[in-house]
Amino acid sequence: MILLYQLPAQAQGMFGLTSSSGSDEKLISYGFFLAGHNSTFRVNYSDAFVDPNANVAPNVRAIFPRYSPGFSLGFIGMLRFHDQVQMLFTPKVGFYEYKTEIHYFPPDFQPTPGSPNSSEDVIINSDIVTVNSEATMVELPVLFKYRSQRFNNTRMYFLGGASYQFRTKTQEEANLEELVTTGQDYTIELGMGFEIYFKYFKFAPEIRFSHGLNNLYQAENTQGDIRDAISSIKRKNITIYLNFQ
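Residues numbered from 1 in each chain as written. Predicted model: local features only at pLDDT ≥ 70, side-chain atom pairs only at ≥ 80, totals over all residues. Heavy atoms only, no water.

**Student:** Help me understand the side chain of Thr100, please; the structure alone is not making it clear to me.
**Tutor:** Checked against the element boundaries, Thr100 lands in strand S5 (residues 92-104). When neighbours within four sequence positions are excluded, Thr100 is seen to be in contact with Phe41, Ile63, Phe64, Pro65, Val129, Thr130, Val131 and Leu179. (Helix = DSSP H or I, 4+ residues; strand = E, 2+ residues; numbered from the N terminus. Contact = heavy atoms within 4.5 Å.)

Here you go:
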């Protein structure tokens, strides 16, 4: 009976069910995070490429950006305005890979006009070239975070803000790639997560969506067969954060 009576108290101390960790009352507090992301380009075709009479990039059937995994790590600085409102500065270093598939028409393929299988035949017989672009990015997000009231040992929260980021690779190095982009960008960040209070720290898993605002495309340095097929390229990321505070 004594053991059964002590078990709830031990579990409460182990998992911090009355934890005051997480520095919720401090004006300024700190933490760190690890993150995994899926990233891709958002490619917009040029008007000339979709015009059948313009004869721009005639060998290119389509350009498909693909999601690619990567990871990042960084630090968290928090400024407390209110128990439920914080401003976050979360500098990080991210390692990205962007994959873009370029589908070419086979030189000997002649689809039959009006054939119901002609479009499928093109897909099956397309020559596909994958262009990879790797980048190490330094990112400087500034975010506002709104938290629910604490319920036992958890809180839900939403956050949003903007980020400035730049690539560590020089533009001269990037100009050697097949699909050339610039190295600076501004992004909009939106996310949500929940905080879990443990005895000595606070853990906050989070999902965040990032949308680039700048047109990164550099047509003048991109390879000739796809140069005029693209009008703009922007970044898009989905990231899972594991925050420790």
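**Student:** Which parts of the structure should I look at to understand the pairing of strand S4 (residues 85-89)?
**Tutor:** Put simply, side chains in a regular strand alternate between the two faces of the sheet. Side chains of S4 alternate between two faces, with Gln86 and Leu88 buried and Val85, Met87 and Phe89 left unburied. Note that strand S3 (residues 68-82) and S4 share 5 bridges and pair antiparallel. Looking across to S4, one finds that Gly77 is bridged to Phe89. Connecting S3 to the next strand, S4, in antiparallel fashion are 2 residues. In the sheet, S4 pairs with strand S6 (residues 127-147) via 5 bridges, with the strands oriented antiparallel. Each residue of the ladder has a partner; that of Gln86, found in S6, is Lys145. (Buried < 20%, exposed > 50% of the residue type's maximum accessible area, 1.4 Å probe, protein only. Pairing = 2+ DSSP bridges.)

**Student:** Please explain the nonpolar core as it appears in this structure.
**Tutor:** Ranked by internal contacts, the top residues of the largest apolar core, which has 20 residues, are Val60, Ile63, Leu179, Ile226, Ile230 and Ile233. A per-element tally of this core places S5 first, with 4 residues. Apart from residues no more than four positions distant in its own chain, Ile230 is found in contact with Val43, Asn44, Tyr45, Ser46, Ile63, Leu179 and Tyr217. Grouped together as the second largest cluster of nonpolar side chains are 10 residues, Phe33, Ile76, Met78 and Tyr241 included. (Core = buried A, V, L, I, M, F, W, Y, C linked by side-chain atoms within 4.5 Å.)

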